[in-house]
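# Coordinate analysis (summary)
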Amino acid sequence: MGDLTGKAVLVREDLNVPMKDGVVTDDTRLRAAVPTINELSGRGAKVLVLAHFGRPKGQPSLDMSLAQIAGPLSQVLGRPVRYIDWEGDKAAVAALQPGDVAVLENTRFFGGEEKNDPAVAERFAVLGDLYVNDAFSAAHRAHASTEAVAHILPAFAGRAMETELDALQKALGSPEHPVAAVVGGAKVSTKLDVLKHLVAKVDHLIIGGGMANTFLAARGVDVGKSLCEHDLKDTAEAILEAAEKANCTVHLPYDVVVAKEFAPNPPTRTVNVHEVAADEMILDVGPAAVEALADVLKTCRTLVWNGPMGAFETPPFDAATVALARTAAALTKEGSLVSVAGGGDTVAALNHAGVAGDFSFVSTAGGAFLEWMEGKELPGVKALMS
Ligand code: ADP
Ligand code: MG
């Protein structure tokens, strides 16, 4: 990037933090933006932060204004942050001094932002000399501030983006084998492309959560009242066949925890999958399967994890997720495993298990993380490379 003194750098960040009554309730995303912003500022750039907030769909509104984020961002950065609206922006940017940091108004106040409109990208680009994309979580969307603008200005990856891409590269790009993937969560239908991509990439595919029921049903198991997408049995069967061809060992639970009602601490039974009664539902993977899966992880060098093994929000159906997460964390600490996890509920589950900090990398990117697990090229990342 060379000397940045006095250069205006547009930095795309993810400032889309949860807010309640005007207060930021989780500043994870703000903290993720700190290294890039502070480094650019330290190198003498005028830092112009570009971000969206909420879903205004081209309609400016006070409650979706990034004016309210300038203060919280300033706090985590430990330096002043100006706010610049889309009226007097050119003059305001011209008045900045080297090292100054400013947040530009919500990119989605322009209707063309989400349409990747070149005119909107140009509107942003005229303000800066360089563009840095630091928002992996927005990179699966080809929007004016994530994609088109990167073709107008010299475009670089920010530090958080770099860290995320490095971790993902280690997990699925050029991983050390054997590689295990844990895929869980509620439904097969939301993760079909993930499963299809993974069978060709990993040595062990561990299927848990509600989606395991569909696979068990495809294998002729009577899953009773369990969450199960019976219409996807053929698809599940095709995935199992593809795995076999690709030499990927699929691990389905062979014991499970069942209950007649889905409520906290109901009466439960731990049974072989062939012993689920018609009025019972599978809500967690059983302890014998978890032990076997721990042994699988011990033979692996790399783990990628998306989706909880059971209905972890409701006790005691968190047991398998917590146990397997702790095993993965311990192996990572020992240095035998590179572990990368992502997904909204997965991050919550790892936090619940108290081990999120012990994984090699935990992605909070949600949709972008899943698309990456599907093997898709993310437009916001691709635009940086070309
Ligand atoms: P992520 O957000 O990490 O991608 P998902 O949204 O796919 O994960 O899945 C998480 C949800 O799956 C959780 O709410 C969890 O309760 C649910 N789930 C997991 N196992 C089961 C099960 N056996 N029956 C019903 N729901 C389940
Ligand atoms: Mg989810």
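Worth saying up front: this structure is predicted, and the values here are computed from it rather than measured.

Turning our attention to the packing of helix H1 (residues 28-42) against helix H2 (residues 67-77). For the pair H1 and H2, the least separation of the axes is 9 Å and the interaxial angle reads 70 degrees. Here H1 lies roughly perpendicular to H2, going by the angle between them. H2 is crossed by H1, and the crossing has right-handed handedness. Taken together, the residues of H2 that come into contact with H1 (itself represented by Leu30, Arg31, Val34, Ile37 and Asn38) are Ile69, Pro72, Leu73, Val76 and Leu77. Across the contact of H1 with H2, the residue classes break down as eight nonpolar, one polar and one charged.

Attention now goes to the pairing of strand E1 (residues 8-12). Counting buried residues along E1, five of its five residues qualify, which places the element largely inside the surrounding structure. Residue alternation in E1 divides its side chains into two sets, Ala8, Leu10 and Arg12 and Val9 and Val11, and both sets are buried. Note: E1 against strand E4 (residues 46-50), five bridges, orientation parallel. Residue pairing in the sheet places Ala8 in a bridge with Lys46 of E4. As paired elements, E1 and strand E7 (residues 130-133) share four bridges and run parallel to each other. Of the residues in E7, the one forming a bridge with Val9 is Leu130.

Spatially, E5-E6-E4-E1-E7-E8 is the arrangement adopted by the six strands of the open sheet, whose pairing is parallel. Of all the strands in the sheet, the pair left with one neighbour each is strand E5 (82-84) and strand E8 (155-157). On average, each strand axis in the sheet is tilted by 30 degrees relative to the strand beside it, whichever way the strands run.

The next point concerns the layout of surface pockets. Here the largest pocket is characterised by a volume of approximately 620 Å³. Around the largest pocket sit 26 residues that line it, and Thr28, Arg29, Ala32, Thr364 and Ala365 are the ones nearest its centre. If you list the elements that add at least two residues to the lining of the largest pocket, you get H1, helix H5 (159-173), helix H11 (344-353) and strand E17 (361-363). Among the residues forming the lining of the largest pocket, the class breakdown is 10 nonpolar, nine polar and seven charged. Mapping the lining of the largest pocket onto the domain boundaries places at least three of its residues in each of domain 1 (8-157) and domain 2 (165-373). Along the wall of the second largest pocket there are 31 residues; nearest its centre are Gly185, Ala186, Gly210, Leu227 and Gly310. Among the elements of the structure, helix H7 (209-218), strand E14 (281-285) and H11 are those that each provide at least two residues to the lining of the second largest pocket.

It is worth spelling out the pairing of E4 at this point. Across the five residues that make up E4, a large majority, five, are buried. Residues Lys46, Leu48 and Leu50 point to one face of E4 and Val47 and Val49 to the other, with burial holding for every one of them.

Here the focus is the side chain of Ser137. Examined against the element boundaries, Ser137 turns out to sit in the loop between E7 and E8. Using a relative accessible area of 15% as the deciding quantity, one classes Ser137 as buried. Here the side chain of Ser137 touches Asp14 through a polar contact of 2.5 Å, side chain to side chain.

The parallel open sheet is built from six strands, whose spatial order is E11-E10-E9-E15-E16-E17. Pairing within the sheet leaves two strands with one partner each, and these edge strands are strand E11 (249-251) and E17. For this sheet, the mean inter-axis angle between neighbouring strands, taken without regard to orientation, is 15 degrees. Looking at chain direction, strand E10 (residues 204-207) and E11 are connected through three bridges and run parallel. Counted as the bridge partner of Leu205 is Val250 from E11. Sitting on the sheet, helix H9 (residues 287-298) touches strand E9 (179-183), E10, E11 and strand E15 (302-306), and the angle it makes with E10 is about 155 degrees.

Once that is clear, we can look at the packing of aromatic side chains. Summed over all chains, the structure comprises five aromatic pairs. Geometrically, the ring pair formed by Phe369 and Trp372 is tilted, given 5.4 Å between the ring centres and 45 degrees between the ring planes. Of this pair, Phe369 and Trp372 both sit in helix H12 (residues 367-373), separated by three residues, roughly a single helical turn. Taken together, the ring pairs connect Trp86, Phe110 and Phe124 into an aromatic cluster.

Taken domain by domain, the chain holds domain 1 (8-157) and domain 2 (165-373). Just the C-alpha atoms count here: the centres of domain 1 and domain 2 sit 36 Å apart. Contacts between the two partners involve four residues from domain 1 and, on the opposite side, nine residues from domain 2. Taken together, both faces of the contact between domain 1 and domain 2 bury some 550 Å²; the carbon and sulfur share is 74%. The largest contributions to the domain 1 side of the interface with domain 2 come from Phe136, Ser137 and His140, which together make up 80% of the buried area. Counting across the domain 1 and domain 2 interface gives zero salt bridges. For the interface between domain 1 and domain 2, the tally reads zero residue pairs in polar contact (both at pLDDT 80 or more). Taken together, the residues of the side of domain 1 that touches domain 2 break down into one nonpolar, two polar and one charged.

Our focus in this paragraph is the pattern of salt bridges. Counted by the stated rule, this structure contains 15 salt bridges. Between Glu39 and Arg159 there is a salt bridge whose closest N-O contact spans 2.7 Å. Here Glu39 is found in helix H1, whereas its partner Arg159 is found in helix H5, with 120 residues between them in sequence. Residue class for Arg159 comes out partly exposed when judged on its relative accessible area of 34%. Look at the salt bridges and you will find they share partners, linking Glu39, Arg43, Arg159 and Glu162 into a network.

The rules we used
Residues numbered from 1 in each chain as written. Chains lettered and ligands numbered in written order. Predicted model: local features only at pLDDT ≥ 70, side-chain atom pairs only at ≥ 80, totals over all residues. Heavy atoms only, no water. Axes fitted to C-alpha atoms, helices over the stretch in contact; angles between N-to-C directions. Helix = DSSP H or I, 4+ residues; strand = E, 2+ residues; numbered from the N terminus. Parallel < 35°, antiparallel > 145°, perpendicular 65-115°, else oblique. Left-handed = near helix turned anticlockwise from the far one by under 90°. Contact = heavy atoms within 4.5 Å. Nonpolar A, V, L, I, M, F, W, Y, C, P; charged D, E, K, R; others polar. Buried < 20%, exposed > 50% of the residue type's maximum accessible area, 1.4 Å probe, protein only. Pairing = 2+ DSSP bridges. 1 Å grid on protein atoms, 1.4 Å probe; cavity = no way out; pocket = protein on both sides within 12 Å on 5 of 7 lines; lining within 4 Å. Points joined across faces, edges and corners; volume = space filled by probe spheres on them. Domains from an automatic or database assignment. Polar contact = N/O pair within 3.5 Å; in protein donor to acceptor, adjacent residues only side chain to side chain. Phe/Tyr/Trp six-rings, centres within 6.5 Å; stacked < 30°, edge-to-face > 60°. Buried area = accessible area lost by both parts, 1.4 Å probe. Salt bridge = Lys/Arg side-chain N within 4 Å of Asp/Glu carboxyl O.

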